Amino acid sequence: MVKELEVQKHLITLQHEAEEKFLAEFKSGKYNLVNPLVVKNPYLINPLAAVICFKTDEETSVEVTVKGKAVEGDLNHVFGPATEHILPIYGLYDNYENIVVLKLANGKTAQVKIEVEELDVNKPHYCNTTYEYFGKDIMTISTATPLINSARTCGFDYAGDLRWVITEKASWDIKKLANGRLLVTSYRSMQKPYYTVGLMEMDFCGKIYAEYRLPGGYHHDAIELENGNLLAASDNDFAESVEDYVVEIDRKTGEIVKAWDLLKILPREEGKAGDWNYHDWFHNNSVWYDKPTNSITMSGRHQDAVINFNYDTGELNWIIGDPEGWGEEWQKYLFKNVTKGDFDWQYEQHAAMILPNGDVFLFDNGTYRSKTKENRVPPEKNFSRGVIYRIDTDKMEIEQVWQYGKERGAEFYSPYICNVDYYKDGHYMIHSGGISTYRGKHTDELGALQINKYKDEHIHLTLESTTVELLNHEVKYELNVKGGNYYRARRLALYDETTDLALGKGKFLGGFGVTPEFGMKVKFKDVDEAVPEKYNLSLVLEEDRLALRGTFVEGSQVLLELKGEKEAKFYSVPTDVHDITAACVSFEEQKENDVQFYVSREELSGEFHIYLNIDNLRYNTKTSVKL
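These figures come from a predicted structure and were not determined experimentally. Per chain, residues are indexed from 1 in the order of the written sequence. Residues qualify for local features only when their pLDDT is at least 70, as the model is predicted, and side-chain atom pairs are given and counted only at 80 or more; totals for whole chains, interfaces and linings, by contrast, use all residues. Where side-chain values are given, they derive from all heavy atoms of the structure, hydrogens and water being excluded.

## Things to note about the sheet that holds strand β39 (residues 545–551)
The sheet built from four strands is open, its strands ordered β2-β38-β39-β42 with mixed pairing. If you trace the sheet from one side to the other, it starts and ends with β2 (7–8) and β42 (594–600), each paired once. We call two strands paired when DSSP finds no fewer than two bridges between them. Put simply, DSSP H or I for four residues or longer makes a helix, DSSP E for two residues or longer makes a strand, and each gets a number counted from the N terminus. The sheet contact formed by β2 and strand β38 (residues 538–542) spans two bridges and is parallel. Residue V7 lies in a different strand from β38, and its bridge partner there is L541.

## As for the packing of aromatic side chains
Only the six-membered ring of Trp is used, alongside the rings of Phe and Tyr, when aromatic pairs are assigned; centres must lie within 6.5 Å, and planes under 30 degrees apart are stacked while those over 60 apart are edge-to-face, with the rest tilted. Within the structure shown, the criterion is met by 27 aromatic pairs. When the centroid spacing of 5.4 Å and the interplanar angle of 75° are considered together, the rings of Y131 and Y158 count as edge-to-face. Of the two residues, Y131 is situated in helix α2 (residues 131–134) and Y158 in the loop between β10 (153–156) and β11 (162–166); the sequence distance between them amounts to 27 residues. Its relative accessible area of 15% is what places Y158 among the buried residues. Between W330 and Y333 the ring centres are 5.7 Å apart and the planes differ by 35°, which places this aromatic pair in the tilted class. Exposure classes here rest on a 1.4 Å probe applied to the protein chains alone. A residue is buried below 20% of its type maximum, exposed above 50%, and partly exposed in between.

## Description of the environment of L263
On the secondary structure map, L263 appears in the loop between β20 (256–261) and β21 (284–290). For L263, a relative accessible area of 30% corresponds to the partly exposed category. C-alpha separation for the pair L263 and D244, spaced 19 residues apart in sequence, amounts to 7.0 Å. Dropping the residues within four chain positions of it, L263 is found in contact with E240, S241, D244, R268 and W281. Here, residues are in contact when the closest pair of their heavy atoms is within 4.5 Å.

## Some remarks on a negative patch on the surface
A cluster of acidic residues, E554, D576, D579 and E592, forms a negative patch on the protein surface. Within the fold, D576 resides in the loop between β41 (568–573) and β42. Judged by its relative accessible area of 51%, D576 falls in the exposed class. Within the patch definition used here, like charges are joined within 9 Å and nonpolar side chains (Val, Leu, Ile, Met, Phe, Trp, Tyr) within 5 Å, considering only residues with over 30% relative accessible area and no salt bridge. In short, Shrake-Rupley with a 1.4 Å probe defines the accessible areas, and a residue's cover is counted only from the protein chains shown. Salt bridge, as used here: a side-chain nitrogen of Lys or Arg that lies within 4 Å of a carboxyl oxygen of Asp or Glu. Charge counting follows a simple rule: Lys and Arg are positive, Asp and Glu are negative, and His as well as the terminal groups are ignored. Just so you know, the charge point we use is NZ for Lys, CZ for Arg, CG for Asp and CD for Glu.

## Here we look at the pattern of salt bridges
A side chain of one charge can pair with a side chain of the opposite charge if their charged atoms are brought near each other. Taken as a whole and judged by the stated rule, the model has 42 salt bridges. Here R369 makes a salt bridge to D364, at a shortest N to O gap of 2.8 Å. On the basis of relative accessibility, which here comes to 12%, the residue R369 falls in the buried class. Judged by relative accessible area, D364 falls into the buried class, the value being 0%. The partner of D364 in a salt bridge is R385, with the nearest N and O atoms 2.7 Å apart. Of this pair, D364 sits in strand β27 (residues 360–364) while R385 sits in strand β28 (residues 385–392), and the two are 21 residues apart along the sequence. Residue R385 is classed as buried on the basis of its relative accessible area of 0%.

## Considering the pairing of strand β6 (residues 96–104)
Two strands pair when backbone bridges link them, and strand β4 (residues 50–66) and β6 are joined in this way by five bridges, in the antiparallel orientation. For V62, the partnering residue across the bridge sits in β6 and is L104. Pairing geometry for β6 and strand β7 (residues 109–116), over eight bridges, is antiparallel. What sits directly across from N98, in β7, is I114. What sits between β6 and β7 in their antiparallel hairpin is a turn of four residues, with G107 showing a positive phi close to 95°.

## Let's talk about the nonpolar core
Across soluble globular proteins, nonpolar side chains have a tendency to be buried as a group. Put simply, a nonpolar core is a bunch of buried Ala, Val, Leu, Ile, Met, Phe, Trp, Tyr and Cys residues held in one set by side-chain atoms that sit within 4.5 Å of each other. With 72 residues, the main nonpolar core has V64, I89, L92, V100, L102 and W164 as its most contacted residues. It is β4 that contributes the most residues to this core, eight residues altogether. Each residue touching L102, except ones within four places of it in the same chain, is listed here: L33, I52, F54, V62, E63, V64, L87, K108, T109, A110 and V112. Formed by 47 residues, the second largest nonpolar core is a distinct cluster that contains W172, V197, I430 and Y487.

## Points about the sheet that holds β21
One key point about sheets: their strands pair by backbone hydrogen bonds, in either a parallel or an antiparallel sense. Spatially, four strands are ordered β21-β22-β23-β24 in an open sheet, and the strand pairing comes out antiparallel. Sheet topology places β21 and β24 (316–320) at the edges, where each strand pairs with a single neighbour. This sheet shows a mean twist of 20° between the axes of neighbouring strands, independent of strand direction. As defined by bridge partners, strand β23 (residues 305–310) adjoins β24 across four bridges and the pair is classed as antiparallel. Along β24, the bridge assignment pairs F309 with L316. Only the stretch in contact is used when fitting a helix axis, every axis being a line fitted to C-alpha atoms; angles between N-to-C directions are given from 0 to 180 degrees.

Distances and angles like these do not, on their own, reveal function.
Structure below.
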């Protein structure tokens, strides 16, 4: 008997079905100000959001107040005139009966009670700030360790109360777009250890308006350009290298309009950092566009290097980093230190940006603080920091002009992830999100890798995150969250002048391209048995691709066969094992020989029976797909 694979619906589709359901209820009912329709968690992935729907006889604006536990925690927003009001509600508390006040322009008011159960989400160990400083904003932190159930991408207000959360897989950076929505990673995997299919545009309710799918997937960081396009870290040829490619995405179509390959810009085996490996030789973890110089800045963790190159030509402009290990021909791109006083090069840094005055601001993880093993600084004596460098590209000189974190020593030390943010001169955020101790000692091991390693003795492993804001050298905010590592932090406003809820189904933009077929004749022997359990085979049909997962010995020849009525299509499933010396995020538990492979549904149509050829033995999976 052959089982036909059913399509696993995308979150965009599930959200649309949920929206259609509550809209149908709203249209059919007599919901008014005193008897509104209240939809909790309307888009399935944020239980701290709701939608309130009601009708009025006349067109009117509505002021919404989400009542805080104290008056300072109130969140207010005025929605424009309408007769049908479908209002997104953000900033609810968990384990609490929330009160939302609705006020019409004529002064009529009503109260709505929304009870939310307690969520299994890490709460702050402490949050030190004042309402006068922090106001109505939330500090969002994106989890690097979602394998820990309580470590969620979430946001806290001035009092340290949880006011926003995403329950689906979500990590990497969160940025607010010009239209007020959020730019986040897709929740779908592309390749291990953590590459996703692309990016999503999402609002604070969790509603997805677009998924931008990329042929090479997405990792770490992306930014919005002035023209609305997206600049994103991606991959080109995964078999050759990773994390050394950046693309510009057309916002309207999702298509790639420009790309830069670092293998054509930098030497692969120069300036090696302590965690360098041949496959992941650069390990880009940030992208930044600087309009005054028309240049792109990237951060290569595995070369201890922040690099800058011309947007139009891809020509290298400069490199910031310890010059040790770089050959003579590359020294002209490196800077000479002219700082009078304290100066340190950055090591395995993250989140490099160019400030309005041309300075370079980054998070210096400081991992090992040396290019050579014999000079490595042990973690208990090391430090991480936010640092600002001033560069003179005519004289190729560098000066350290500001730093924070060194004075805190190992307690602020994160050997991976983290970021900084710039608000204005003298007003900065520094997020040390990868702090880790094992048996009470600080470690250079990465939290995302330690989870599996120490899962049988997790009580000895402590993962935490500390986020600090300074204004004119004074610490005005400090948030500490234990129970996980958190990739990046962003201070955001839940409600602002851009707040809106646009109805309708989100869009699938871009694509994976056509998956190349195996170009050689295949000889095999039919096996009259099921696929052996040792291969842990899983087949899932998604709306835009067929997903195969399994466990195969490295070097095995594995071919996925789609046998149609007239022809068979063969696809080679890679079984190579690549060194992973840095896993910034651990989306799921994966073993060395676990394999992910996807066949795009582009230009595929018809009904196919699925076979798996493993080292010349052909297994009938007894499943079929309609594409």
